[in-house]
Amino acid sequence: MSGPLLLAQSFDPAFVSLLEKLRKKYPAELFSLTGIAPEQLDIDFMSRQFFRASNRKGSATADHSIDPNANVSGRGVITFNYEVPKPYMKLNSLYNLWRTLCEQFTMEAADAAIEAEICGALYINDSWDIGRPYCFNYSMYDIALEGLKMGGRLDIVPAKGLFTFLRHVEQFTVYAANSTLGATGLADLLIVISRYVDDMLDTGYDNHIKVGGESRVWTYVAEHLTSLIYTLNWEFRGNQSPFTNVSVYDDEFLGQLVPAYVINGKAPRMETVKKVQDIFLSCFNQVLERDPATFPVVTACFSLAEDGKELADPAFVKRIAEHNLKFGFINIYVGETSTLSSCCRLRSNINDLGYANSFGAGSTKIGSLGVCTLNLPALARDASAETAGKDNEAAVREMLEMVGAMTQMVGFINHAKRCFIADRIERGSLPLYKLGYMELKRQFSTCGFTGLYEAVHILGYDMREPEGLEVAKCILERINQTNSFLTELLGTPHNMEQVPGESSAVKLARKDSLRGCNPEGWELYSNQFVPLWEEGVDLLDRIRIQGELDGYCTGGAICHLNVADRIEKPETMEALIRHAAASGVVYFAINYAINRCLDGHMTVGHGVDYCPICGKRITDTYTRVVGFLTNTKHWNATRREHDWPHRTFLKTKEQTA
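Criteria and cut-off values
- Throughout, a residue's number is its position along its own chain's written sequence, starting from 1.
- Per-residue local features are limited, in this predicted model, to residues with pLDDT of at least 70; the limit for side-chain atom pairs, both in listing and counting, is 80 or more; totals at the level of whole chains, interfaces and linings are taken over all residues.
- Note: side-chain values were computed over all heavy atoms of the structure, leaving out hydrogens and water.
- Only DSSP runs of H or I reaching four residues or more are called helices, and only runs of E reaching two or more are called strands; each is numbered from the N terminus.
- The reference for a compact globule is 2.2 Å times residues^0.38; the radius of gyration itself is calculated from the C-alpha atoms.
- Note on classification: 1.4 Å probe, protein chains only; a residue is buried when its accessible area is under 20% of the maximum for its type, exposed when over 50%, partly exposed between these limits.
- Residue burial considers only the protein chains on display, and all accessible areas are found by Shrake-Rupley using a 1.4 Å probe.
- In this scheme, strands are said to pair when DSSP sees at least two bridges between them.
- As a rule, the C-alpha atoms of each element are fitted with a line to give its axis, helices using only the stretch in contact, and angles between N-to-C directions run from 0 to 180 degrees.
- Any pair of residues with heavy atoms lying within 4.5 Å of one another is described as a contacting pair.
- Pairs of N or O atoms within 3.5 Å make up the polar contacts considered here, provided that, within protein, one atom can donate a hydrogen while the other can accept it, and that residues adjacent in sequence are counted only when both atoms are side-chain atoms.
- For this document, the term salt bridge refers to a Lys or Arg side-chain nitrogen within 4 Å of an Asp or Glu carboxyl oxygen.
- Classification of ring pairs uses Phe, Tyr and Trp, with its six-membered ring standing for Trp, and accepts pairs whose centres are within 6.5 Å; under 30 degrees between planes counts as stacked, over 60 as edge-to-face, and the remaining range as tilted.
- Criterion for a charge above a ring: Lys NZ or Arg CZ within 6 Å of the ring centre, and within 35 degrees of the ring normal.
- Orientation categories follow fixed angle ranges, with anything under 35 degrees roughly parallel, anything over 145 roughly antiparallel, 65 to 115 roughly perpendicular, and all other angles oblique.
- Here a crossing is called left-handed whenever its near helix is offset anticlockwise from the far helix by less than a right angle, and right-handed whenever the offset is clockwise.
- In this classification, Asp, Glu, Lys and Arg are treated as charged, Ala, Val, Leu, Ile, Met, Phe, Trp, Tyr, Cys and Pro as nonpolar, and every other residue, Gly included, as polar.
- In this scheme, patches are assembled from residues that exceed 30% relative accessible area and form no salt bridge. Like charges are connected within 9 Å, while nonpolar side chains (Val, Leu, Ile, Met, Phe, Trp, Tyr) are connected within 5 Å.
- Think of a nonpolar core as a cluster: buried Ala, Val, Leu, Ile, Met, Phe, Trp, Tyr and Cys residues, connected wherever their side-chain atoms sit within 4.5 Å.

I'm lost on the overall build of the protein chain in this one. Help?
From N to C terminus, the protein chain includes 23 helices and 19 strands. The C-alpha radius of gyration of the protein chain comes to 24 Å, within 12% of the 26 Å expected for a compact globule of 657 residues. Principal-axis analysis of the C-alpha atoms places the extent of the protein chain at approximately 75 × 65 × 55 Å. A total of 657 residues make up the protein chain; the buried ones form 60% of that total. Element-wise, carbon and sulfur atoms account for 52% of the exposed surface of the protein chain, whose accessible area totals about 25,700 Å².

What is the right way to look at the sheet that holds strand β18 (residues 618–624) in this model?
The strands that make up a sheet are held in pairs by hydrogen bonds between backbone atoms, and each pair lies either parallel or antiparallel. Spatial strand order, β17-β16-β18-β19: 4 strands in an open sheet with antiparallel pairing. Looking at strand neighbours, the two that pair on one side only are β17 (602–604) and β19 (629–631), the edges of this open sheet. The sheet shows a mean angle of 30° between the axes of neighbouring strands, direction not considered. As paired strands, strand β16 (residues 594–597) and β18 are joined by 4 bridges and run antiparallel to one another. Paired with Ile594 across the two strands is Tyr622, which belongs to β18.

I tried to follow the environment of Leu650 on my own but got confused; where do I start?
Examined against the element boundaries, Leu650 turns out to sit in the loop between α22 (637–643) and α23 (653–656). Counting along the chain gives 89 residues from Leu650 to Leu561, while the straight-line C-alpha distance between them is 8.4 Å.

What exactly am I supposed to notice about the environment of Phe15 here?
Within the secondary structure, Phe15 is located in helix α1 (residues 13–25). Judged by its relative accessible area of 0%, Phe15 falls in the buried class. Taking the C-alpha atoms as reference points, Phe15 and Gln408, 393 residues apart in sequence, are found 22 Å from one another. Not counting chain neighbours up to four residues away, the residues in contact with Phe15 comprise Leu91, Leu94, Tyr95 and Trp98.

Just to check I follow, could you spell out the environment of Thr623 for this structure?
Summarising the element assignment, Thr623 is placed in strand β18. Under the relative-accessibility criterion, Thr623 is labelled buried at 0%. Ignoring any residue separated from it by four or fewer positions in sequence, one finds Thr623 in contact with Asn591, Tyr592, Ala593, Phe628, Leu629, Thr630, Thr632, Trp635, Trp644, Arg647 and Phe649. Side-chain polar atoms of Thr623 contact the side chain of Asn591, separated by 3.0 Å.

What's the story with the pattern of salt bridges in this structure? I'm lost.
Pairing of side chains with opposite charge becomes possible as their charged atoms draw close. In this structure the tally under the stated criterion is 34 salt bridges. The salt bridge partner of Glu20 is Arg23, with a shortest N-O separation of 3.6 Å. Linking Glu20 with Arg23, this pair stays in helix α1, spanning 3 residues, or about one helical turn. Owing to a relative accessible area of 28%, Arg23 belongs among the partly exposed residues under this scheme. The partner of Lys473 in a salt bridge is Glu470, and the shortest N-O contact between them spans 3.5 Å. Here Lys473 and its partner Glu470 are both found in helix α18 (residues 466–490), 3 residues apart, which amounts to about one turn of the helix. Taking the relative accessible area as the measure of exposure, Glu470 reaches 44% and is therefore partly exposed. What you see here is one network of salt bridges that share partners, running through Asp198, Asp202 and Arg269.

Help me understand the packing of aromatic side chains, please; the structure alone is not making it clear to me.
Two aromatic rings, taken as a pair, are described by how far apart their centres are and by the angle between their planes. Inspection of the entire model under this criterion finds 22 aromatic pairs. Between the aromatic rings of Tyr141 and Tyr261, the centroid separation amounts to 5.0 Å while the plane-to-plane angle is 55°, which identifies the pairing as tilted. Within this pair, whereas Tyr141 is found in helix α7 (residues 140–146), its partner Tyr261 is found in the loop between α11 (251–257) and α12 (270–290), the two being separated by 120 residues in sequence. The same class applies to Tyr141 and to Tyr261, which are both buried. Members of the aromatic cluster, each reached through a chain of ring pairs, are Phe11, Phe15, Tyr95 and Trp98. The ring centre of Trp128 lies 4.5 Å from the NZ or CZ of Lys86, which sits over that ring. Sitting over the ring of Phe163, Arg167 keeps its end group 4.7 Å from the ring centre.

Would you explain the packing of α12 against helix α13 (residues 314–324) in this entry?
Each pair of packed helices can be described by the angle between their axes along with the distance between the axes. At a closest axis distance of 10 Å, the pairing of α12 and α13 adopts a crossing angle of 15°. With respect to α13, the axis of α12 lies roughly parallel. For the pair α12 and α13, the sense of crossing is right-handed. Along its contact with α12, which presents Lys274, Gln277, Asp278, Leu281, Ser282 and Asn285, the element α13 presents Phe316, Arg319, Ile320 and His323. Tallied by class, the residues present in the contact of α12 with α13 amount to 3 nonpolar, 4 polar and 3 charged.

Help me out: how do you make sense of the packing of helix α15 (residues 392–426) against α18 in this one?
For the pair α15 and α18, interaxial distance at closest approach is 9 Å and the crossing angle is 35°. For the crossing formed where α15 meets α18, the hand is right-handed. Listed contacts from α18 to Val396, Met399, Leu400, Glu401, Val403, Gly404, Thr407, Gln408, Gly411, Phe412 and His415 of α15 are Val471, Cys474, Ile475, Arg478, Ile479, Thr482, Asn483, Phe485, Leu486, Leu489 and Leu490. Looking at the contact of α15 with α18 residue by residue, the classes come out as 13 nonpolar, 7 polar and 2 charged.

Can you walk me through helix α20 (residues 539–549) in this structure?
Residues of α20 that are buried include every one of Leu539, Arg542, Ile543, Ile545, Gln546, Gly547 and Leu549, and no others. Among the structural elements, α17 (452–458), α18, β14 (559–562), α21 (570–582) and β15 (587–591) are those in contact with the buried residues of α20. If you check the start of α20, you find a side-chain oxygen 3.1 Å away from the backbone N of Leu540, and it comes from Asp538.

Got a minute to help me understand a nonpolar patch on the surface in this structure?
Nonpolar side chains collect at one region of the surface, where Phe51, Val77, Ile78 and Tyr82 lie side by side and expose about 390 Å² of accessible area between them. Here the element with the most residues in the nonpolar patch is helix α4 (residues 77–83); it accounts for 3 residues. Among the secondary structure elements, Tyr82 is positioned in helix α4.

Got a minute to help me understand the pairing of strand β8 (residues 244–249) in this structure?
Both faces of the sheet carry side chains from a regular strand, because those side chains alternate between them. Burial runs high along β8: 6 of the 6 residues are buried. Neither face of β8 is left uncovered, since the one carrying Thr244, Val246 and Val248 and the one carrying Asn245, Ser247 and Tyr249 both have all their residues buried. Alignment of strand β5 (residues 184–185) against β8, held across 2 bridges, turns out to be parallel. Note on β8: the bridge partner recorded for Gly185 is Asn245.

Any chance you could explain the nonpolar core here in plain terms?
For soluble globular proteins, nonpolar side chains are generally found buried alongside one another. Judged by nonpolar contacts, the single largest core of 120 residues is most densely connected at Met140, Phe165, Phe172, Ile193 and Phe302. The element contributing the most residues to this core is α12, with 9 residues. If we ignore the near neighbours within four places in the chain, the residues touching Ile193 are Leu162, Phe165, Leu166, Leu225 and Val276. Ala383, Val410, Ile458 and Cys553 belong to the second-largest nonpolar core, a separate cluster that totals 71 residues.

Written out as structure tokens, the structure reads:
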């Protein structure tokens, strides 16, 4: 043989020409960070890199994927088969996105979107596969009423008891998690489970299985909930666990939600639901004593009293505080009851579908179709290029214009993905829609943002001060205004979210450095309103700033309240929850560093080298990289080396006394 082996693709010549033009315009490493560099498209090279690095000390799977994810820890052939082909998938997805943008808008708009993705002006989340929707919060009520009608060889009738229902949930989760890119929300699971528990309490049987009296019923329920937790942590989403979420609710939410869950002529009893929730939380704590369970992400949903400050159910606050003491595994949502019961109501505003975030928390039958993230520091740098240090107000005005224009581009990108997904639905490639488990019209086009703190700094302000906070509000308000315009223009729901940014915050900072737009040398941008590594910021500062800005994030944001050692007193945990809620914080977590030693003991403590139980060396540390617990060893290199070592964990007064 002579000459190179040519592997031709049938892309439109105009798309190929665009990529060649961009290769000449930008540094080669931008294409590597995007995931479509020539060496990444060389599967032999990528194979050698993957397997040669598999035994390298300190190396994580995230270091050898174009789609880093701390939920991926394996280095075997299953992980190889999922991660190594992603550059090809991404190139093809970018082409399909470009082609759809050309069809829906103009070639100029399509070219601009691809250039923005490559140069880092924005980040198209999960752009390696635009043919799957991002996330959805399914209703387990559908499974209880209809069974599993998955459109394949089997047509499974509704369960008659808890044992069978949980098997249906597991089977559904396998299918749903592999049909979407992000979270598989199972928020109302415990409400539905409670209906089957009622039957057991009344009859002593789980369908045909004899259980016994009340105490045996609760033991049976606890065993099955523990089994479910372990199952949901199994890596059956290819090479990772499914990203699942389960919610527990206060009395106000339950009063709105529970009566609608009528199964076999009856709704669950409120007291049963409350006890099932408590047992589930106890089971999760017991699992964490043995193993570092990541999923399901657990969200406690609190409703506000009429004054908008106090929490409406004091008893629920107390129970959650007690369950959260040991490992701090519960994420906390605070909102009005209508935000989670909206699936049962008609709404006049297409944007007002209810609350949903990237972690799978929120209303049932709602989600995000796609997420595209604004690189706010890059926009701020361009906006202040002519006025830096001279006229900060002029820079802010320019910034707002740029934010509006880029948010519109994000809306067009998400709309193109929506059109592409709609076509796949019509072709029968996404059966969950036609089977009624998902609804395209109930999925937001999400405009994400990252690096707000750094952007405000570039514009000449400090977000911790009143003037800087006002600038931040103006930026977020401009995104929301543009989203409202896009909703009217395109007839589809749009929202805004401070994205988790596990890998995008790193890639965008690096891309800006390569383009000479990051003179500060930031290794990554913040995915919090105040970076987790910022000096001189205590819990009260973090809560205050989050409370001022959270209400602008219609698609959510998470606030980490990092605490150095285990909180021992329920009153302290309660006080933190109440203060955050009264300050306007919508979604937050009181976050520990959880350590595992050579003997497997699970303990809490930041910066600890030896186990307080047995004295043996700590081998692994788990904490929230974003909204769920992960092993810090599995984070990408920048988060391992620059994020985690510098995160500030603060002592409470209780701990310093």
